[in-house]
Amino acid sequence: MAGTAPPAEGRPTGGGPVGDGLGGGGAEAVGPSPGSATVVRASVVAAAASALLVVAIVLGSRGLRDFDSALVPYAVASVFLTFGVVYRYVVWVSAPAARRLFVAGWKAALSWENLKRSPAALPRMIATYLGFQKFLGARSHARWAAHQLIFWGCLLAAAITFPLTWGWFTFTSSSPAGPGYEMRLWGFKLFGFDSGSFLGWALYHGLDLAAVLVIGGAGYFLWRRVRDRAATTGQRFGYDFLPLLALVTISVTGLLLTFSEMFLHGGGYEFLAILHMASVVLTLVYLPFGKFFHIVQRPAAVGMQLFKYTARRGGSDAEELQGCRRCGRPIDTVAAVDNLRATMRDLQLGFDGWAEYCPRCKRVLRGNAYLSNVKRGFK
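Residues numbered from 1 in each chain as written. Predicted model: local features only at pLDDT ≥ 70, side-chain atom pairs only at ≥ 80, totals over all residues. Heavy atoms only, no water.

Draft legend 1. Quick peek at the overall build of the protein. Per the secondary structure count, the protein includes 14 helices and five strands. Expressed as a percentage of the 379 residues in the protein, the buried residues total 42%. Of the contacts formed within the protein by residues at least 6 apart in sequence, a portion of 67% connects residues at least 24 apart. As displayed, the protein offers around 20000 Å² of accessible surface, 66% of which is attributable to carbon and sulfur atoms. (Helix = DSSP H or I, 4+ residues; strand = E, 2+ residues; numbered from the N terminus. Buried < 20%, exposed > 50% of the residue type's maximum accessible area, 1.4 Å probe, protein only. Contact = heavy atoms within 4.5 Å. Areas by Shrake-Rupley, 256 points an atom, 1.4 Å probe, with all protein chains shown as cover.)

Put into structure tokens, the structure is as follows:
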């Protein structure tokens, strides 16, 4: 704002990151290569989504009248980001396991029966599982706090950056001589404010505040990946370090833009603006193809959590618990076990019956089979 393009961190990383830093729980998801039909379908859907975004930019900026030409690289990067995210998401949900969980989650979320029985379940899970990510607190309170700094910092930055980049938000002077400004959305006035007021300061420095939050969270995870042996085991530079370094680079260069404007009278501003723009554009283009993609995947997990929750609390046969075939201990709901078995059959794994055994009995049966067939006579 205030004459700078997205001045602090133009990154759409609002989402429920999971794991260490920006991890999806540790390991990168690996699956079979998509077929040609899936690739074509994903490409068509992604191209349509990108075209819709271009149309939205043109219409939202009132025929590009409110569009700042200096922000063209950011806007183009956001179009590429849309294509990449939608393409990979369609490929992801086309896999049998992901598709079955995705459909089950949406059915649970849109079920009228679930809404009547547990009207607060979905909002509560969105807040606790997606927003505040309480499950991370069970692993480490420090990791949870750092994750919250990154999450809310990125969410704030995305909420400011994208509308400004697309020309949807504009700030115009309400009078030639006064300090008053008007904030407009799609050309419609939302409210006016004094640039010297607290609201004016917060709007002017919103991206700077987001940058400070992100630096705090990403800095902790970088320190942890250098010092913590549990985190350093098996980590990869491109998958584990690069996303954190990208966030820090965007945030630091954004803060330096503000520092140059306020204390250096614009000294070095052009170089910093180009450096900041390059870091933002490269990060947006990288987002769909690296660790950042779990940000897009995470909301789908909320639907699956709701599916499990409603299956346990529902008033139908789905709430019946599936007992282990060997020891009788409850494993999960019948609906969840049936869903897992169906997914295993879709993948043609050929051993879906193992889903009806508890983890302990699986280990015992495997051990007995090893003693009987591999180490016969071993005592």
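Draft legend 2. Structural detail: the sheet that holds strand β2 (residues 180-185). In space, the three strands of this open sheet follow the order β1-β2-β3, with antiparallel pairing throughout. Every other strand in the sheet has two partners, leaving β1 (169-173) and β3 (188-194) as the edge strands with one partner each. Across the sheet, the axes of successive neighbouring strands diverge by a mean angle of 25 degrees, strand direction being ignored. Alignment of β1 against β2, held across five bridges, turns out to be antiparallel. Looking at the pairing, Thr172 lines up with Glu182 of β2. (Pairing = 2+ DSSP bridges. Axes fitted to C-alpha atoms, helices over the stretch in contact; angles between N-to-C directions.)

Draft legend 3. A look at helix α1 (residues 36-60). Helix length check: α1, at 25 residues, gives a terminal C-alpha distance of 36 Å against a target of 36 Å (1.5 Å per residue), a fit within 8%. For α1, the complete set of buried residues consists of Thr38, Ala42, Ala46, Ala49, Ser50, Leu53, Ile57 and Gly60. Two residues or fewer past α1, Arg62 is found with a positive phi of approximately 55 degrees. (Expected span 1.5 Å × (residues − 1).)

Draft legend 4. Summary view of the pattern of salt bridges. Taken as a whole and judged by the stated rule, the model has five salt bridges. One salt bridge connects Glu182 with Lys189, and the closest N-O pair in it is separated by 3.6 Å. Put simply, Glu182, Arg184 and Lys189 are held in one network by salt bridges that share partners. (Salt bridge = Lys/Arg side-chain N within 4 Å of Asp/Glu carboxyl O.)

Draft legend 5. Focus on the packing of helix α2 (residues 72-94) against helix α11 (residues 269-286). Orientation of α2 relative to α11, taken along the N-to-C sense of each, is 10 degrees, at an axis distance of 9 Å. Between α2 and α11, the angle is such that the two are roughly parallel. Seen from α2, the contacting residues are Pro73, Tyr74, Ala77, Ser78 and Leu81; seen from α11, they are Ala273, His276, Met277, Val280, Val281 and Leu284. Its residues assigned to classes, the contact of α2 with α11 comprises nine nonpolar, two polar and no charged. (Parallel < 35°, antiparallel > 145°, perpendicular 65-115°, else oblique. Nonpolar A, V, L, I, M, F, W, Y, C, P; charged D, E, K, R; others polar.)

Draft legend 6. Structural detail: a positive patch on the surface. Among the surface-exposed residues, Arg326, Arg329, Arg360, Arg363 and Arg366 lie close enough to one another that they form a single positively charged patch. Mapping Arg366 onto the fold places it in helix α14 (residues 359-373). (Patch = residues over 30% accessible without salt bridge, like charges linked within 9 Å, V, L, I, M, F, W, Y side chains within 5 Å. Lys, Arg positive; Asp, Glu negative; His and termini not counted. Charge placed at Lys NZ, Arg CZ, Asp CG, Glu CD.)

Draft legend 7. Quick look at the packing of aromatic side chains. Counted according to the given criterion, the structure contains 18 aromatic pairs. An angle of 35 degrees between the planes, with centres 6.1 Å apart, marks the rings of Tyr220 and Trp223 as tilted. Here Tyr220 pairs with Trp223, and both are found in helix α8 (residues 206-227), just three residues apart, close to one helical turn. Every member of this aromatic cluster is reached through a ring pair, and the members are Tyr89, Trp92, Phe102 and Trp106. (Phe/Tyr/Trp six-rings, centres within 6.5 Å; stacked < 30°, edge-to-face > 60°.)

Draft legend 8. Highlighting the environment of Phe259. Note that Phe259 resides in helix α10 (residues 237-263). Note on Phe259: relative accessible area 40%, which makes it partly exposed. With 10 residues separating them in the primary sequence, Phe259 and Tyr269 have C-alpha atoms 9.2 Å apart.

Draft legend 9. Spatial organisation of the environment of Ser173. Looking at where Ser173 falls in the secondary structure, it is placed in strand β1. Expressed as a C-alpha distance, the spacing of Ser173 and Gly192, which sit 19 residues apart in the sequence, is 9.3 Å.

Draft legend 10. Main features of the packing of α10 against α11. At their nearest, the axes of α10 and α11 sit 9 Å apart, and the two run at 150 degrees to each other. Taken together, the axis directions place α10 and α11 in an arrangement best described as roughly antiparallel. Our pair here, α10 against α11, has a crossing hand that is left-handed. Of the residues contributing to the contact of α10 with α11, the split by class is 13 nonpolar, eight polar and one charged. (Left-handed = near helix turned anticlockwise from the far one by under 90°.)

Draft legend 11. Main features of unusual backbone geometry. In this structure, Arg62 takes a positive phi of about 55 degrees despite not being glycine. Relative to the helices and strands, Arg62 resides in the loop between α1 and α2. Non-glycine residue His265 carries a positive phi angle of around 55 degrees. Judged by relative accessible area, which is 77%, His265 ranks as exposed.

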